[in-house]
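Chain and residue survey
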Amino acid sequence: MAKIKKGDLVKVIAGRSKGQTGRVLKVDLEKNRVIVEHAQMVTKHTKVGRTDRGAATGGKETVEAPIHISNVALLGPDKKPVRVGYREVEVERNGRKKIMRERIGRRAGEEIEL
(Lines give C-alpha, C1' and ligand atoms only; values in the text may rest on other atoms or scores of the structure.)
Protein backbone atom coordinates (compact mmCIF):
# COMPACT_ATOMS: atom_id res chain seq x y z
CA MET A 1 0.00 0.00 0.00
CA ALA A 2 1.46 3.32 -1.08
CA LYS A 3 1.46 6.24 1.32
CA ILE A 4 1.04 8.67 -1.59
CA LYS A 5 -2.30 8.76 -3.39
CA LYS A 6 -3.74 10.34 -6.52
CA GLY A 7 -4.47 14.03 -5.93
CA ASP A 8 -1.83 14.54 -3.20
CA LEU A 9 0.42 17.58 -3.31
CA VAL A 10 4.03 16.38 -3.43
CA LYS A 11 7.54 17.77 -3.80
CA VAL A 12 10.20 16.09 -5.94
CA ILE A 13 13.23 15.53 -3.68
CA ALA A 14 15.60 13.81 -6.13
CA GLY A 15 16.28 13.67 -9.85
CA ARG A 16 16.10 16.07 -12.75
CA SER A 17 13.01 17.88 -11.44
CA LYS A 18 14.29 18.26 -7.87
CA GLY A 19 12.51 21.02 -5.96
CA GLN A 20 9.37 21.14 -8.10
CA THR A 21 5.93 20.66 -6.56
CA GLY A 22 2.73 19.39 -8.12
CA ARG A 23 -0.31 17.15 -7.80
CA VAL A 24 -0.07 13.39 -8.31
CA LEU A 25 -1.91 12.45 -11.50
CA LYS A 26 -1.42 8.68 -11.36
CA VAL A 27 0.08 6.05 -9.04
CA ASP A 28 1.43 2.73 -10.36
CA LEU A 29 1.71 0.39 -7.36
CA GLU A 30 3.25 -2.51 -9.31
CA LYS A 31 6.21 -0.43 -10.50
CA ASN A 32 6.31 1.95 -7.48
CA ARG A 33 6.04 5.01 -9.74
CA VAL A 34 4.01 8.22 -9.66
CA ILE A 35 3.26 10.82 -12.33
CA VAL A 36 3.43 14.39 -11.03
CA GLU A 37 1.98 17.25 -13.07
CA HIS A 38 4.57 19.57 -14.63
CA ALA A 39 7.51 17.50 -13.32
CA GLN A 40 9.88 15.18 -15.22
CA MET A 41 8.73 16.49 -18.61
CA VAL A 42 9.93 14.50 -21.65
CA THR A 43 9.41 14.89 -25.39
CA LYS A 44 7.46 12.09 -27.07
CA HIS A 45 7.27 11.66 -30.82
CA THR A 46 3.94 10.34 -32.07
CA LYS A 47 2.89 9.45 -35.57
CA VAL A 48 1.44 12.41 -37.48
CA GLY A 49 -2.07 11.90 -38.74
CA ARG A 50 -5.28 13.71 -39.62
CA THR A 51 -8.66 13.77 -37.90
CA ASP A 52 -11.96 13.56 -39.75
CA ARG A 53 -12.14 17.35 -39.89
CA GLY A 54 -8.63 17.69 -41.32
CA ALA A 55 -6.79 18.86 -38.20
CA ALA A 56 -3.27 17.55 -37.75
CA THR A 57 -2.54 15.24 -34.82
CA GLY A 58 0.68 13.84 -33.45
CA GLY A 59 4.20 15.19 -33.83
CA LYS A 60 6.29 16.27 -30.85
CA GLU A 61 4.47 16.31 -27.50
CA THR A 62 5.81 17.06 -24.03
CA VAL A 63 4.35 14.79 -21.38
CA GLU A 64 5.08 13.87 -17.76
CA ALA A 65 7.25 10.81 -17.20
CA PRO A 66 6.94 8.50 -14.17
CA ILE A 67 9.09 9.17 -11.09
CA HIS A 68 9.98 6.56 -8.49
CA ILE A 69 7.79 6.92 -5.40
CA SER A 70 10.85 7.25 -3.13
CA ASN A 71 11.90 10.42 -4.96
CA VAL A 72 8.80 12.39 -3.95
CA ALA A 73 7.71 13.63 -0.52
CA LEU A 74 4.19 14.42 0.56
CA LEU A 75 3.59 18.06 1.54
CA GLY A 76 1.79 18.69 4.81
CA PRO A 77 -0.66 21.50 5.60
CA ASP A 78 2.28 23.89 6.17
CA LYS A 79 3.64 23.10 2.66
CA LYS A 80 6.72 21.34 4.06
CA PRO A 81 7.67 17.70 3.29
CA VAL A 82 6.42 15.20 5.88
CA ARG A 83 6.68 11.49 6.46
CA VAL A 84 3.38 9.66 6.52
CA GLY A 85 2.00 7.56 9.34
CA TYR A 86 -1.40 6.13 10.21
CA ARG A 87 -3.68 6.49 13.21
CA GLU A 88 -6.67 4.27 13.98
CA VAL A 89 -9.84 6.25 14.65
CA GLU A 90 -13.17 4.88 15.86
CA VAL A 91 -16.04 6.16 13.69
CA GLU A 92 -19.75 5.62 14.23
CA ARG A 93 -21.86 4.98 11.13
CA ASN A 94 -25.48 3.88 11.13
CA GLY A 95 -25.30 3.15 14.85
CA ARG A 96 -22.27 0.85 14.45
CA LYS A 97 -18.73 1.57 15.52
CA LYS A 98 -16.02 1.00 12.94
CA ILE A 99 -12.25 1.42 13.17
CA MET A 100 -10.77 3.40 10.26
CA ARG A 101 -7.22 4.48 9.45
CA GLU A 102 -6.36 8.09 8.71
CA ARG A 103 -3.09 9.41 7.34
CA ILE A 104 -1.13 11.73 9.60
CA GLY A 105 2.02 13.80 9.17
CA ARG A 106 4.76 12.50 11.45
CA ARG A 107 6.24 15.93 12.23
CA ALA A 108 3.20 17.57 13.80
CA GLY A 109 0.80 14.64 14.08
CA GLU A 110 -2.04 16.36 12.21
CA GLU A 111 -4.28 14.67 9.66
CA ILE A 112 -3.36 14.98 5.99
CA GLU A 113 -6.26 15.99 3.77
CA LEU A 114 -6.43 15.51 0.00
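Because the structure is a prediction, the values reported are computed rather than measured.

Thresholds, definitions, all that
- Residues numbered from 1 in each chain as written.
- Predicted model: local features only at pLDDT ≥ 70, side-chain atom pairs only at ≥ 80, totals over all residues.
- Heavy atoms only, no water.
- Pairing = 2+ DSSP bridges.
- Helix = DSSP H or I, 4+ residues; strand = E, 2+ residues; numbered from the N terminus.
- Buried < 20%, exposed > 50% of the residue type's maximum accessible area, 1.4 Å probe, protein only.
- Contact = heavy atoms within 4.5 Å.
- UniProt positions renumbered as here; feature names shortened; annotations may be inferred.
- Core = buried A, V, L, I, M, F, W, Y, C linked by side-chain atoms within 4.5 Å.
- Patch = residues over 30% accessible without salt bridge, like charges linked within 9 Å, V, L, I, M, F, W, Y side chains within 5 Å.
- Areas by Shrake-Rupley, 256 points an atom, 1.4 Å probe, with all protein chains shown as cover.
- Salt bridge = Lys/Arg side-chain N within 4 Å of Asp/Glu carboxyl O.
- Lys, Arg positive; Asp, Glu negative; His and termini not counted.
- Charge placed at Lys NZ, Arg CZ, Asp CG, Glu CD.

**What about the sheet that holds strand β6 (residues 67–68)?**
Strand order in the open sheet formed by 6 strands is β6-β3-β2-β1-β7-β8, with antiparallel pairing between adjacent strands. Taken across any chain shown, the strands that pair with only one partner, and hence form the sheet edges, are β6 and β8 (81–82). Sheet analysis places strand β3 (residues 33–36) next to β6, joined by 2 bridges and oriented antiparallel. Considered in β6, the bridge of R33 is made with H68.

**A closer look at the environment of L74**
Position of L74 relative to the elements: it lies in strand β7 (residues 72–75). The class of L74 is buried, set by a relative accessible area of 3%. Sequence separation of L74 and R50 is 24 residues, and the distance between their C-alpha atoms is 41 Å. When sequence neighbours within four positions are dropped, the list of residues in contact with L74 reads D8, L9, V10, K80, P81, V82, V84, R103 and I112.

**Notes on the UniProt feature "domain: KOW" (unreviewed entry) in the protein**
The positions UniProt marks with the feature "domain: KOW" (unreviewed entry) are residues 3–30. Secondary structure content for residues 3–30 is 0% helix and 43% strand, and the end C-alpha separation is 14 Å.

**Concerning the nonpolar core**
Judged by nonpolar contacts, the single largest core of 15 residues is most densely connected at I4, V10, V34, V36, I67 and V72. Of all the secondary structure elements, the ones that give two or more residues to this core are β1 (9–12), β3 and β7. Among residues more than four places away in sequence, those in contact with I67 are V12, N32, R33, V34, V36, A39, Q40 and V72.

**With respect to the pairing of β1**
Side-chain alternation along β1 places V10 and V12 on a buried face and L9 and K11 on a face that remains uncovered. Inspection of the sheet shows β1 paired to strand β2 (residues 21–28) by 3 bridges, in the antiparallel sense. Across the sheet, residue K11 finds its bridge partner in β2, namely T21. Sheet analysis places β1 next to β7, joined by 3 bridges and oriented antiparallel.

**Regarding a positive patch on the surface**
Where like charges cluster on the molecular surface, the positive patch consists of K3, R83, R101 and R106. Checked against the element boundaries, K3 lands in the segment before β1.

**Notes on the pattern of salt bridges**
For side chains of opposite charge, pairing can occur when their charged atoms come near one another. All told, the structure shown has 4 salt bridges when counted by the stated rule. D8 is the partner of R103 in a salt bridge, and the nearest nitrogen-oxygen pair spans 2.9 Å. Taken together, the positions of R103 in strand β10 (residues 96–105) and D8 in the segment before β1 put the pair 95 residues apart, joining distant regions of the chain. One exposure class covers both R103 and D8, and it is buried.

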